[in-house]
Amino acid sequence: MKIRVMGDNVLRQKATEIQTFDEKLKNLSKEMIDLMHNSEGIGLAAPQEGLTIRMLVTDISPVEKGYSEMAFVNPVILETWGESILEEGCLSIPGIREEVERPEEILIKYQTIDGEEKTEKFSGWMARVLQHEVDHLEGVLFVDYLSPVKQKLVMNQYSNA
Ligand code: CO
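Figured I'd write up the structure that's included with this text. Every value quoted in this text rests on a predicted model; they were computed, and no experiment measured them. (Residues numbered from 1 in each chain as written. Predicted model: local features only at pLDDT ≥ 70, side-chain atom pairs only at ≥ 80, totals over all residues. Heavy atoms only, no water.)

## Considering the layout of surface pockets
Put simply, the largest pocket is a space of about 420 Å³. Lining the largest pocket are 23 residues, with Gly 41, Ile 42, Gly 89, Cys 90 and Arg 97 sitting closest to its centre. Looking at the lining of the largest pocket, the elements with two or more residues in it are β4 (84-88) and α2 (124-137). A total of 5 residues in the lining of the largest pocket trace back to one element, the largest contributor, which is α2. Tallied by class, the residues present in the lining of the largest pocket amount to 10 nonpolar, 7 polar and 6 charged. Lining the second largest pocket, in full, are Ile 18, Gln 19, Thr 20, Asp 22, Lys 24, Leu 25, Leu 28, Leu 51, Thr 52 and Ile 53. (1 Å grid on protein atoms, 1.4 Å probe; cavity = no way out; pocket = protein on both sides within 12 Å on 5 of 7 lines; lining within 4 Å. Points joined across faces, edges and corners; volume = space filled by probe spheres on them. Helix = DSSP H or I, 4+ residues; strand = E, 2+ residues; numbered from the N terminus. Nonpolar A, V, L, I, M, F, W, Y, C, P; charged D, E, K, R; others polar.)

Here it is as structure tokens:
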């Protein structure tokens, strides 16, 4: 498994809802967590592995204490509050890091890898990563939020990707 890089159309597709919670899905989440850890990322969405399904994994332990790896299936952000500016990067856009403004706190509904439904509030880095990864499921990349001038610089860097 390798991470798809910007310029790959799969990163611009809308991912489909997951209906089946089986061993295959569990194995896939483990594989995604391994790939995220090996790539030193704090989040990874299935489309980055070329799979257009609504699953993402996070592990923000390198930047915030009290968290470890988590898998989110069919996540939906229900509500947001506040705003914060943090520097983001993306395993699919290596070499680019830019400040992005997003809501500070979110209420998110999702299913666990076993299909259990949960609704939780997150703030700080967890809220940030989840918003970034949920965007991936819609075909949105963090560079889409940059100014047109900065977007052009990024595009030039990836035009041959
Ligand atoms: Co990303």
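Having seen it, we continue.
## Structural notes on α2
The end-to-end C-alpha separation of α2 is 21 Å, in line with the 20 Å expected for 14 residues at 1.5 Å each. Among the 14 residues in α2, 12 count as buried, and that is most of the element. All of the buried residues along α2 are Met 126, Ala 127, Arg 128, Val 129, Leu 130, Gln 131, His 132, Glu 133, Val 134, Asp 135, His 136 and Leu 137. Phi turns positive one or two residues past the end of α2, at Gly 139, with a value near 80°. (Expected span 1.5 Å × (residues − 1). Buried < 20%, exposed > 50% of the residue type's maximum accessible area, 1.4 Å probe, protein only.)

## Notes on the coordination of the cobalt ion
The coordination sphere of the cobalt ion, as far as protein atoms go, consists of Cys 90 (SG), His 132 (NE2) and His 136 (NE2), spread over 2.1 to 2.2 Å. In terms of primary sequence, the donors binding the cobalt ion are separated according to C-x41-H-x3-H. You can see Cys 90 sitting in the loop between β4 and β5 (98-102) and its partner His 136 sitting in helix α2, a full 46 residues away along the chain. For the pair shown, Cys 90 and His 136 are each scored as buried. (Donors = N, O, S within 2.8 Å, 3.2 Å for Na, K, Ca; no water.)

## So, the sheet that holds strand β6 (residues 105-111)
Ordered in space as β1-β2-β3-β6-β7, the 5 strands form an open sheet in which the pairing is antiparallel. The open sheet has two free edges, formed respectively by β1 (43-45) and β7 (117-123), since each of these has just one partner strand. Strand-to-strand twist of the sheet, defined as the mean angle between neighbouring strand axes without regard to direction, takes the value 40°. In the sheet, strand β2 (residues 55-58) pairs with strand β3 (residues 70-81) via 4 bridges, with the strands oriented antiparallel. What sits directly across from Val 57, in β3, is Ala 71. In this fold helix α1 (residues 23-38) packs onto β1, β2 and β3, with an angle of close to 45° to the strand it touches most, β2. In the packing of α2 onto the sheet, contacts are made with β1, β2, β3, β6 and β7, and the angle to β2 comes to roughly 150°. (Pairing = 2+ DSSP bridges. Axes fitted to C-alpha atoms, helices over the stretch in contact; angles between N-to-C directions. Contact = heavy atoms within 4.5 Å.)

## Description of the pattern of salt bridges
Between side chains of opposite charge, a pair can form as their charged atoms come close. Taken as a whole, this structure holds 10 salt bridges when the rule is applied. Among the ionic pairs, Glu 138 bridges to Lys 14, the shortest N-O distance being 3.0 Å. On the criterion of sequence distance, the pair formed by Glu 138 in the loop between α2 and α3 (148-158) and Lys 14 in the segment before α1 is long-range, its members being 124 residues apart. Relative accessible area serves as the criterion here: at 32%, Glu 138 is assigned to the partly exposed category. The residue Lys 150 makes a salt bridge to Glu 98 at a minimum N-O spacing of 3.1 Å. Linking Lys 150 in helix α3 with Glu 98 in strand β5, this pair joins segments that are 52 residues apart in sequence. A residue is classified by how much of its surface remains accessible, and Lys 150, at 38% relative accessible area, is partly exposed. Each of Glu 88, Arg 102, Arg 128 and Asp 135 takes part in one network of salt bridges that share partners. (Salt bridge = Lys/Arg side-chain N within 4 Å of Asp/Glu carboxyl O.)

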